[in-house]
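Residues per chain are reported as follows:
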Amino acid sequence: MSEPSDIAAARAAILKRIASAAARSGRDASAVEVVAVTKTVSPERIREAIAAGFMTLGENRVQERQAKVGEIDAVSTYPAGEQPRWHLIGPLQSNKARRAVELFDLIETIDSLALAQRLDRIAAELRRGQPLPVLLQVNVDADAAKAGFAPADLDRALTEILALPALSVEGLMTVGRVVPEPDLARPTFVALRDLSERLRSRHPTLGEALSMGMTDDFEVAVEEGATLVRIGRAIFGARPTVG
Ligand SMILES: *Cc1c(COP(=O)(O)O)cnc(C)c1O
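The structure contained in this document is the topic of the report that follows.

Scoring rules and cut-offs
- Residues numbered from 1 in each chain as written.
- Predicted model: local features only at pLDDT ≥ 70, side-chain atom pairs only at ≥ 80, totals over all residues.
- Heavy atoms only, no water.
- Salt bridge = Lys/Arg side-chain N within 4 Å of Asp/Glu carboxyl O.
- Helix = DSSP H or I, 4+ residues; strand = E, 2+ residues; numbered from the N terminus.
- Buried < 20%, exposed > 50% of the residue type's maximum accessible area, 1.4 Å probe, protein only.
- Near = heavy atom within 4 Å.
- Polar contact = N/O pair within 3.5 Å; in protein donor to acceptor, adjacent residues only side chain to side chain.
- Areas by Shrake-Rupley, 256 points an atom, 1.4 Å probe, with all protein chains shown as cover.
- Nonpolar A, V, L, I, M, F, W, Y, C, P; charged D, E, K, R; others polar.
- Pairing = 2+ DSSP bridges.
- Phe/Tyr/Trp six-rings, centres within 6.5 Å; stacked < 30°, edge-to-face > 60°.
- Lys NZ or Arg CZ within 6 Å of the ring centre and 35° of its normal.
- Core = buried A, V, L, I, M, F, W, Y, C linked by side-chain atoms within 4.5 Å.
- Contact = heavy atoms within 4.5 Å.

### Side note on the pattern of salt bridges
Move 1: Counted under the stated rule, the structure contains 20 salt bridges.
Move 2: Among the ionic pairs, Glu 219 bridges to Arg 17, the shortest N-O distance being 2.8 Å. You can see Glu 219 sitting in helix 8 (residues 218-223) and its partner Arg 17 sitting in helix 1 (residues 6-24), a full 202 residues away along the chain.
Move 3: The exposure class assigned to Arg 17 is partly exposed, which follows from its relative accessible area of 35%.
Move 4: With a shortest N-O distance of 3.4 Å, Arg 45 and Glu 48 are connected by a salt bridge.

### Structural notes on the site of the ligand
Move 1: Every residue lining the ligand is accounted for by Val 37, Lys 39, Asn 60, Ile 89, Val 175, Met 214, Thr 215, Arg 230, Ile 231, Gly 232, Arg 233 and Arg 239.
Move 2: At a separation of 2.5 Å, an oxygen atom of the ligand approaches a polar side-chain atom of Thr 215.
Move 3: Protein contact buries 92% of the 390 Å² of open area that the ligand shows by itself.
Move 4: A breakdown of the residues in the shell around the ligand according to their chemical character gives five nonpolar, three polar and four charged.

### Regarding the pairing of strand 8 (residues 228-231)
Successive residues of a regular strand alternate their side chains across the two faces of the sheet.
Move 1: Alternating positions in strand 8 separate into two faces, Leu 228 and Arg 230 on one and Val 229 and Ile 231 on the other, with burial throughout.
Move 2: Taken together, the four bridges between strand 1 (residues 33-37) and strand 8 define a ladder with parallel strand orientation. Opposite Glu 33, over in strand 8, you have Leu 228 as the bridge partner.

### Focus on the packing of aromatic side chains
Each aromatic ring pair is summarised here by two numbers: the centre-to-centre distance and the angle between the ring planes.
Move 1: Taken as a whole and judged by the stated rule, the model has zero aromatic pairs.
Move 2: The ring of Phe 54 carries Arg 11 above its face, with NZ or CZ at 5.4 Å from the centroid.

### Description of the nonpolar core
Move 1: With 66 residues, the main nonpolar core has Ile 107, Leu 119 and Leu 172 as its most contacted residues.
Move 2: Dropping the residues within four chain positions of it, Leu 119 is found in contact with Leu 92, Ala 97, Val 101, Ile 107, Ile 110, Leu 132 and Leu 167.
Move 3: Judged by nonpolar contacts, the second largest core, of six residues, contains Val 35, Leu 106, Leu 135 and Ala 209.

Below is the structure:
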């Protein structure tokens, strides 16, 4: 056997940190899934990540997934019988919705009723009876720089979104503010969890998934109920700064 790659070592460390955070809050760590965020990461490194066991991956741009898909999906080194699942975690423009449905298994960033309706029409056509899993992005901090539903708008739109037959709404997602210390992200995560609980009491078919937490704050997110943590730099190292 070759030595474990740096990515395998990073994975072991992350899973250990998730296990501790889950234990601190009395949660089962198996309820937490890592989305390995591969923006700016080369296809070779992505294949290493998959070989190391990261079976859920995230890109934030449709074009970037498109550019790399041929060098990733065609290889056969995946753990037996499994196919990696891809999440779109960045904003989706309506003119890329069709490509997104073709290239991703789950779209985390539905931020309007119009986008939900468009994806529903495309999924009905392309997925033939297999609803497209999605999350609804919420701007819980009311941060002008962030996409997502305002909580009050989501409450109003939810009845219509949940009625769309070709979408399966698995839960909520948020992108927290950049904060100097992980603990300062906690109110954002608590707010998303509370919103999910309130909405689910009125809309029982809304899923329980909570996608929240990144490299700098995923342990706090797990303590507050995250079921998906989106982690890039702790797996792949610092990203090149893009101009
Ligand atoms: C880049 C990105 C992440 C991962 O960020 P890291 O700090 O590298 O873990 C998570 N979520 C979204 C939406 C991103 O764009």
